[in-house]
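Residue-level structure breakdown
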Amino acid sequence: MHLILIMSYAGFANNGTIKGSLIDDKKEAALYANILLFKANDSSLYKGELSNEQGAFLFTNILYGTYRLEIKMIGFEKVVKQNILISNEHPDIDLGTISLAPEAHSLGVVTTTAD
């Protein structure tokens, strides 16, 4: 029984955090953006969060491994952060402030004729 407790405790210690904040093109907090965390080895969804009223996000209890982060918000280009490594040497990752760029829309050609 003592061995099980030690293994359980050791397993609990193998996790970390990923945090950051989002701003839009006007340098204002990007509220309620979707932030998705995927496992890099098989692209499966690991966790999802929304940015808060200050544009901040925080993933906790992330198991050691390599991840890909995708940020999506209506009206803005998707942002992808690759190869985020959570490890014993780097358990807590701060991605800092991430700027979202407006989505580029191209208008088609419009032809008008008059009689």
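Quick caveat: nothing in here was measured; it's all calculated off a predicted structure. Residue indices follow the written sequence of each chain, beginning from 1 at its first position. Totals for whole chains, interfaces and linings use all residues, but because this is a predicted model, local features are given only for residues with pLDDT of at least 70 and pairs of side-chain atoms are given and counted only at 80 or more. Note that water and hydrogens are dropped before the side-chain values are worked out from all heavy atoms of the structure.

1. Some thoughts on the sheet that holds strand S3 (residues 45-50)
Test applied: In this analysis, strands are considered paired if DSSP registers two or more bridges between them. The secondary structure listing takes helices from DSSP runs of H or I that are at least 4 residues long and strands from runs of E that are at least 2 residues long, numbered from the N terminus. Axis lines are fitted to C-alpha atoms, over the contacting stretch for helices. Their N-to-C directions set the angle, which ranges from 0 to 180 degrees.
Within the open sheet, the 4 strands sit side by side as S3-S2-S5-S6. Their pairing is antiparallel. Looking along the sheet, the strands with just one partner apiece sit at the ends: S3 and strand S6 (79-86). Taken pair by pair, the neighbouring strands of this sheet meet at an average axis angle of 20°, ignoring direction. Here 5 bridges tie strand S2 (residues 34-39) to S3, and the two strands are oriented antiparallel to one another. Bridge pairing in S3 places Asn34 opposite Leu50.

2. Describing the nonpolar core
Threshold: We call a set of buried Ala, Val, Leu, Ile, Met, Phe, Trp, Tyr and Cys residues a nonpolar core when their side-chain atoms join them within 4.5 Å. The cut-offs for exposure are 20% and 50% of the maximum accessible area for each residue type, with area from a 1.4 Å probe on protein chains only; residues under the lower value are buried, those over the upper are exposed, and the others partly exposed.
Counting residues in hydrophobic clusters, the biggest one holds 19 residues, and the most contacted among them are Leu22, Phe59, Leu69 and Ile71. Counting only elements with at least two residues in this core, the list comes to strand S1 (15-23), S2, strand S4 (56-63), strand S5 (65-72), S6 and strand S7 (92-99).

3. Considerations on the packing of aromatic side chains
The cut-off we apply is this: Only the six-membered ring of Trp is used, alongside the rings of Phe and Tyr, when aromatic pairs are assigned; centres must lie within 6.5 Å, and planes under 30 degrees apart are stacked while those over 60 apart are edge-to-face, with the rest tilted.
The tally for this structure, following the rule as stated, stands at 2 aromatic pairs. Where Tyr46 meets Tyr67, the ring centres are 5.2 Å apart and the plane angle is 55°; that geometry is what we call tilted. You can see Tyr46 sitting in strand S3 and its partner Tyr67 sitting in strand S5, a full 21 residues away along the chain. A relative accessible area of 22% means that Tyr46 is categorised as partly exposed. Ring centres of Phe57 and Phe59 lie 6.3 Å apart, and the angle between their planes is 65°; on these two criteria the pair is classed as edge-to-face.

4. Here we look at the sheet that holds S7
Spatially, the 3 strands line up as an open sheet ordered S4-S1-S7, and their pairing is mixed. Either end of the sheet is taken by a strand with one partner, and the two such strands are S4 and S7. The sheet shows a mean angle of 15° between the axes of neighbouring strands, taken without regard to direction. Here S1 runs beside S4; their pairing, made up of 6 bridges, is antiparallel. Paired with Gly16 across the strands is Ile62, a residue of S4.

5. Digging into unusual backbone geometry
Working note: non-glycine residues mostly have negative phi, and peptide bonds are mostly trans. At Lys27, a residue that is not glycine, the phi angle is positive and equals roughly 65°. With respect to the helices, strands and loops of the structure, Lys27 is situated in the loop between S1 and S2. The exposed category is assigned to Lys27, whose relative accessible area is 62%. Of note, Asn83 is a non-glycine position whose phi angle comes to about 50°, a positive value. As for its placement among the helices and strands, Asn83 is situated in strand S6.

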